[in-house]
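An overview of the molecular structure
Take a look at the letters that make up each chain.
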Amino acid sequence: MQTVILAAGRGTRMAPLTDRRPKPMLPVAEKPLVAHTTDAAIDAGATTITLVVGYEADDVRSYFGAERDGVPIEFAVQAEQRGTADAVRAAASQLDSDESFVVLNGDALYDVPSLTTLYEKTPAVGSYSVDNPSSYGVLETDDDGFVTGVVEKPEYPPSNLINAGAYVFPAAAHEWLDVAESDRGELELTDVLAATCEQYDVRGVAFDRWLDVGRPWELLEANEWKLSGLGSRCDRESRIDGDVAENAELTDTVVVEEGATVRAGVVIEGPVLVRSGATIGPNAYVRGYTLVGENTTVGHAVEVKNSVLMKGATIGHLSYVGDSILGRDVNFGAGTKVANLRHDGEPVRQMLKGELVSSGRRKYGVVLGDEVKTGINSSLNAGVRLPTGGAVEPGETVLYDRIDNTHEMG
Ligand code: TTP
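The following paragraphs examine the structure supplied in this document. (Residues numbered from 1 in each chain as written. Predicted model: local features only at pLDDT ≥ 70, side-chain atom pairs only at ≥ 80, totals over all residues. Heavy atoms only, no water.)

1. So, the overall build of the protein
Scanning the protein from terminus to terminus reveals 7 helices and 40 strands. The C-alpha atoms of the protein give 22 Å as radius of gyration, which agrees with the globular expectation for 410 residues (22 Å, within 12%). Taken along its principal axes, the extent of the C-alpha atoms in the protein is 65 × 45 × 35 Å. For the protein, buried positions account for 55% of its 410 residues. For the protein, contacts bridging at least 24 residues in sequence account for 50% of all contacts bridging at least 6. Only carbon and sulfur atoms are counted for the fraction: they give 42% of the accessible area of the protein, which is about 16800 Å². Within the protein, one finds 36 positive and 63 negative side-chain charges whose respective centroids are separated by 7 Å. (Helix = DSSP H or I, 4+ residues; strand = E, 2+ residues; numbered from the N terminus. Rg over C-alpha atoms; globule rule 2.2 N^0.38 Å. Buried < 20%, exposed > 50% of the residue type's maximum accessible area, 1.4 Å probe, protein only. Contact = heavy atoms within 4.5 Å. Areas by Shrake-Rupley, 256 points an atom, 1.4 Å probe, with all protein chains shown as cover. Lys, Arg positive; Asp, Glu negative; His and termini not counted. Charge placed at Lys NZ, Arg CZ, Asp CG, Glu CD.)

As C-alpha cells, then:
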C-alpha cells in the first residue's frame, strides 16, 4: 500500500538536540528514528514510501536515497509546518488518487505485527492504550466498535485508546485533504479522519507496542526499545566486529561494530551498541542501555549508563554519565559528573517550552546540545539542558536549565 511518512517536523520539544537536525533523524540504536518507522512500514506492507520533509530536509534525503529494501522512496516538501493534513497534501500529487493510502508519523516507533494488522484494514486508525489519556487525542467509538472521531485532550476521555498517528485512508480521502484551520491554527489530519468516519466504517486497531518520540526522555525510551532488540537483529547473541581487548568483559547483548575499539579492562553490560570509530577505555564501565555513537571516545575510568552519546562525543577520564543524551561532539573535561536522581526520589523534571514537566523517570540525567564543553570537575544537575555550543567552567555546578533558566531543577 502506498505510504506517506510525516517527517517535516522540527521537534521543538527536543531542543537543543534538534537545533541542527530534524527530530526524525535523531539516532535510535543503529539508525535514525524515521528509518525505524520506514522499515516497519516496509515490513508491514508498504509498496511505495513518500517522506514528507521540511526542516533540514537534506539530512533525510541524503540518508535514504531513492529506494530502501527494493521499495521506492520519494520526497515531498512541506515548506511551512502548517499541520499534518497540510503535510499529506504536500505529498498528494505523488500518490495514486485511485488507491487507498497509509499515513504514519515519522517520529514514532511501531511494532511490525501491529502495523501489519493495520495495513490489512481499510479504512483504519491505529491506537494505543494508556492509563492517563487526557493529554492526548483520544479515539471515540460507536456501539459497534467503529471509530467516530478523535477528541483532543479531553477532560473526560471517552476511552483509554489514544491516537497513534497511523491511518489507512480510503481513496476517497484524497478529496478531503483541504480541511479548515483548527482552533489551534493547524490543518489537522484528524479532520480528514473525521470526514472519513462520516462516510465509512473506520476500524480502530489497538497496537501492542508503540512509542511517540516527542520529548528528550522518549529518545532514551526509543533506544531502550531498539537496543533491547539488537540481539534479534544480529546473527548471533553478540556481534563483535571491532577490536576488543582480550581481558575486556562483555555480557548480555553487546555489538561492537567494525572500526570500534574496546581497550583493556573495560566492562560492558549490554544491551550496548558500540558504533564504528568509537573507542572505549582502558578500564571503563558501560552499562545498558547505551548507544556509543560513531567516533565517540569513552576515556579511562569513565562510567556510562543508559545514555545516548551522539557522534563524536568525548567523555574524558574519571567522568560519570547516567540516563543522559549528549549531542554531537560534546566534550567532557576530566571528572565531569552527571546527577540522575533527586534526593526525594521523585521523577526528574525538565523544562519544555517554558514549563517544568515531569519525565516520569526516577533516574534521568542531562540533555546537551552539540559541541557543549564542560570544564574539569564540573557537576550537572538532573534534568538540566545545555544549549548547542554551551560551556561549563571548571569546578562549576550547573543547577539550572540553561536553555530556559526560569526554574531550578532537581
Ligand atoms: P508533532 O509531534 O505534533 O510536531 P513536531 O514533530 O514538530 O514536534 P514539536 O511539537 O516538539 O515541535 O508532529 C507529529 C508528526 O507530524 C511528526 O512526525 C512531524 C509531523 N508533522 C509534519 O510533517 N508537518 C507538520 O506541519 C506537523 C505539525 C507535523
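2. A closer look at the environment of Leu187
Inspection of the secondary structure puts Leu187 in the loop between β12 (161-169) and α5 (189-199). Separated by 51 residues in the primary sequence, Leu187 and Tyr136 place their C-alpha atoms 17 Å from one another. Setting aside chain neighbours within four positions, we find Leu187 in contact with Arg82, Gly83, Thr84, Ala85, Asp86, Arg89, Val179, Ala180 and Glu181.

3. Considering the side chain of Lys305
As for its position among the elements, Lys305 is in strand β26 (residues 303-305). Here Asp323 takes part through its side chain, which lies 2.8 Å from a polar atom of the side chain of Lys305. In this structure, Lys305 is in contact with Arg287, Gly288, Thr290, Tyr320, Val321, Gly322, Asp323, Asn340 and Lys363, ignoring residues within four places of it in sequence. (Polar contact = N/O pair within 3.5 Å; in protein donor to acceptor, adjacent residues only side chain to side chain.)

4. Details of the pattern of salt bridges
Here the structure, examined in full by the defined rule, presents 19 salt bridges. Across the salt bridge formed by Asp370 and Arg20, the nearest N and O atoms sit 3.7 Å from each other. Highlighted residues: Asp370 in the loop between β35 (367-368) and β36 (373-374) and Arg20 in the loop between β1 (2-7) and β2 (27-28), separated in sequence by 350 residues. The salt bridge involving Arg239 is made with Asp241; its shortest N-O contact spans 3.4 Å. Its relative accessible area of 27% is what places Arg239 among the partly exposed residues. Under the relative-accessibility criterion, Asp241 is labelled partly exposed at 41%. Residues joined in a network through salt bridges with shared partners are Arg20, Arg21, Asp370 and Glu371. (Salt bridge = Lys/Arg side-chain N within 4 Å of Asp/Glu carboxyl O.)

5. Quick look at the sheet that holds strand β22 (residues 279-280)
An order of β16-β19-β22-β25-β28-β31-β36-β39 is seen for the 8 strands of this open sheet, with the pairing classed as parallel. The sheet terminates laterally at β16 (243-244) and β39 (391-392), the two strands that pair on one side only. Inspection of the sheet shows strand β25 (residues 297-298) paired to strand β28 (residues 314-315) by 2 bridges, in the parallel sense. Across the sheet, residue Val298 finds its bridge partner in β28, namely Ile315. (Pairing = 2+ DSSP bridges.)

6. With respect to helix α3 (residues 84-91)
Listed as buried for α3 are Ala85, Asp86, Ala87, Val88 and Ala91. Packed against the buried residues of α3 are β1, β4 (48-53), β6 (71-77), β7 (101-105) and α5.

7. Considering unusual backbone geometry
Going from Ala15 to Pro16, the amide bond is cis rather than trans, its omega being 5 degrees. Looking at the element boundaries, Pro16 is found in the loop between β1 and β2. The residue after Thr122, namely Pro123, is reached through a cis peptide bond having omega -10 degrees. In this fold, Pro123 is placed in the loop between α4 (112-119) and β9 (124-129). Despite not being glycine, Asn283 shows a phi value in the positive range, around 60 degrees. By secondary structure assignment, the location of Asn283 is in the loop between β22 and β23 (285-287). Relative accessible area serves as the criterion here: at 41%, Asn283 is assigned to the partly exposed category.

8. Details of the packing of helix α1 (residues 33-44) against α4
Two elements in contact, α1 and α4, have axes separated by 8 Å at closest approach and are oriented at 55 degrees. With respect to α4, the element α1 is oriented oblique. Considering only the axes of α1 and α4, their crossing is right-handed. Across the interface between the two elements, Ala40, Ala41, Asp43 and Ala44 from α1 touch Val112, Leu115, Thr116 and Tyr119 from α4. Residues belonging to the contact of α1 with α4 are distributed by class as follows: 6 nonpolar, 1 polar and 1 charged. (Axes fitted to C-alpha atoms, helices over the stretch in contact; angles between N-to-C directions. Parallel < 35°, antiparallel > 145°, perpendicular 65-115°, else oblique. Left-handed = near helix turned anticlockwise from the far one by under 90°. Nonpolar A, V, L, I, M, F, W, Y, C, P; charged D, E, K, R; others polar.)

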